[in-house]
Amino acid sequence: MPYRLTVRDISLFERSVTFARPFRFGAVVVNATPQMFVRVEIDVEGKGRAVGASAEFLVPKWFDKRPHLSPEETVTELRRSLLIARDLYLAQSGFETAFGLHAACIAAQVAACAKEDIPPLAAAYGPAEIDKAILDALLRAVGANFFDGMAANIAGVDARLSRDLGNDDVAQFLSGRKRLDRVAIRHTVGMDDIVEGEGGVADISENAGARYFKLKLNGDPDADAERLIRIGRELLKLGYDYGVTLDANEQYSDLAALGLLVDRLDRGSALKPIASKLLYIEQPMPRDITRASPLGALARRDFIIDEADDSYDAFPAARALGYRGISSKSCKGIYKSVINATRAAKWSAAGQRCLIAGEDLTCQAGLAVQQDLALGALIGVTHAERNGHHYVDGFGDTPAAEADAFLTAHPDLYAKDGHKVRLAIHDGDLLTGSLTTPGFASAVHPDWSAMPPLTQPTARISLENAV
């Protein structure tokens, strides 16, 4: 049976993180960004008080790519999303399940953010991070690990936000979950990353022995095809089998431009090292164009949505347009990932192969990568994009004592390299054994005294609401 809880306090912190190399996706280049932390205190009926935590980067120009906004303004949106969500969660009275609390707040969150011209994807960020911390606290209160707790539906996840499913669909999906022992990393090749030679795609010191590769696109079919040819030549040097995914981050302007790339993939012999190993193409067009553009004949290739996943209705709508899958990202909501994984399993069992893919936004070592990894290992994601170990030097600017505490608690997931604690990758895989500790995938919490409170942003009123 699910436990009921009430939220007593929510504290928000942040810590700056400098990247070891530029990360270019879409039209943005990230060299540094803040990492946000949530600390919650809850009371659980019959169990008392517990503390939980979560963490995530405040990534610029991903949740909201509108060109008139600066990168800093889009980070401000995420801070506002967190603060709005904090007020909504703290305003709830009485005891409720963890998912019931999420369900009670999400519509009001989207509406309140819309009044500040914050789009739904960014609006969902605040609840997503608070939900993770609440779940961590709940699991700690009852002494359960994430995998056992979710299989028993400790959070009370149901179908109230997903009208195409029944409560039994969700319950049956969760009850059948078994933790994956290993999740393969999918190595990202950003637009500014080296392709050939030392430091390139086939260099094991860079790709960490990955068997899966995520290749960024920039929206120009000819330029993208030429770059993919170069990458394909390098992948042939690996000496082992591999799989690839392509991610355009909304850069393809329309179906016509996308069709040119797909035709090149289907017909170009020089692209065979990519085309023959292609698993899916991720979010090629802007989210608004995506929703108005059935894929038609292009659906001969597998496509998934990512940035267009801004509501509980997004996956069924995308499926109707010819998309086969959707991304799981803990920054978009752990409960939505569970619901979408339920859908993918149900639809696939009915005869139409559908998938849920593991993607991330440079999940940083520590809470962020552990909670996202656990989510994927729960819902059956066998390989996942992993960026934090590639674009950030270990734990980055995290105090050494804090990094060492994570290493001690999770020795299968981290390793000491000189003076740095880094993600430990075993033959291209991450191990999930130590994530079975009580709580949401972490035996330790960050050092709260070593970081300042979240920067307080000013509310931005939309022009529509200002009239």
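See the structure shown above.
Residues numbered from 1 in each chain as written. Predicted model: local features only at pLDDT ≥ 70, side-chain atom pairs only at ≥ 80, totals over all residues. Heavy atoms only, no water.

## Regarding helix α14 (residues 367-379)
Compared with an ideal rise of 1.5 Å per residue, which puts 13 residues at 18 Å, α14 spans 18 Å between its outermost C-alpha atoms and is within 8% of the ideal. Of all 13 residues in α14, 13 are buried, a share of seventy percent or more. Downstream of α14 by a residue or two, G380 has a phi angle that is positive, lying close to 95°. (Helix = DSSP H or I, 4+ residues; strand = E, 2+ residues; numbered from the N terminus. Expected span 1.5 Å × (residues − 1). Buried < 20%, exposed > 50% of the residue type's maximum accessible area, 1.4 Å probe, protein only.)

## Focus: the packing of helix α6 (residues 167-175) against helix α13 (residues 334-349)
A pair of packed helices can be characterised by two numbers: the angle between their axes and the separation between those axes. In the contact formed by α6 and α13, the axes pass within 10 Å of each other and the chain directions differ by 90°. In this view, α6 runs roughly perpendicular relative to α13, as classed from their interaxial angle. Facing α6, whose interface residues are D169, V170, F173 and L174, α13 presents V338, I339, A341, T342, A345 and K346. Along the lines of polarity and charge, the residues of the contact of α6 with α13 split into 7 nonpolar, 1 polar and 2 charged. (Axes fitted to C-alpha atoms, helices over the stretch in contact; angles between N-to-C directions. Parallel < 35°, antiparallel > 145°, perpendicular 65-115°, else oblique. Contact = heavy atoms within 4.5 Å. Nonpolar A, V, L, I, M, F, W, Y, C, P; charged D, E, K, R; others polar.)

## Let's talk about the environment of L161
With respect to the helices and strands, L161 occurs in the loop between α5 (146-151) and α6. Distance from L161 to I106, taken between C-alpha atoms, is 9.6 Å for residues 55 residues apart in sequence. Not counting residues within four places of it along the chain, the set of residues in contact with L161 comprises F99, H102, A103, I106 and Y312.

## Overview of the pattern of salt bridges
In this structure the tally under the stated criterion is 52 salt bridges. In this structure, R24 and D192 form a salt bridge, with 2.8 Å as the shortest nitrogen-oxygen distance. Of this pair, R24 sits in strand β1 (residues 5-25) while D192 sits in the loop between β4 (182-189) and α7 (204-207), placing them 168 residues apart in sequence. Residue class for R24 comes out partly exposed when judged on its relative accessible area of 24%. Here D429 makes a salt bridge to R211, at a shortest N to O gap of 2.9 Å. With D429 in strand β14 (residues 429-431) and R211 in the loop between α7 and β5 (212-216), this residue pair connects regions lying 218 residues apart in the sequence. Residue D429 is classed as buried on the basis of its relative accessible area, which comes to 8%. A single salt-bridge network, built from bridges that share partners, covers R186, K214, K216, D247, E282, E359 and E385. (Salt bridge = Lys/Arg side-chain N within 4 Å of Asp/Glu carboxyl O.)

## A few points about the nonpolar core
Of all hydrophobic cores here, the largest spans 149 residues; its most connected members are I134, L135, F146, V157, L265 and Y414. Here F146 is in contact with L135, L139, A374, L375, L378, T437, G439, F440 and A441, once residues within four sequence places are set aside. (Core = buried A, V, L, I, M, F, W, Y, C linked by side-chain atoms within 4.5 Å.)

## Quick look at the sheet that holds strand β3 (residues 48-57)
Spatially, 3 strands are ordered β1-β2-β3 in an open sheet, and the strand pairing comes out antiparallel. Two strands lie at the open edges of the sheet, namely β1 and β3, each paired on one side alone. For this sheet, the mean inter-axis angle between neighbouring strands, taken without regard to orientation, is 15°. Pairing of strand β2 (residues 28-44) with β3, which is carried by 10 bridges, proceeds in the antiparallel orientation. Bridging across to β3, E41 finds its partner in V51. Against the sheet, α14 contacts β2 and β3, and its axis sits at roughly 100° relative to β3. (Pairing = 2+ DSSP bridges.)

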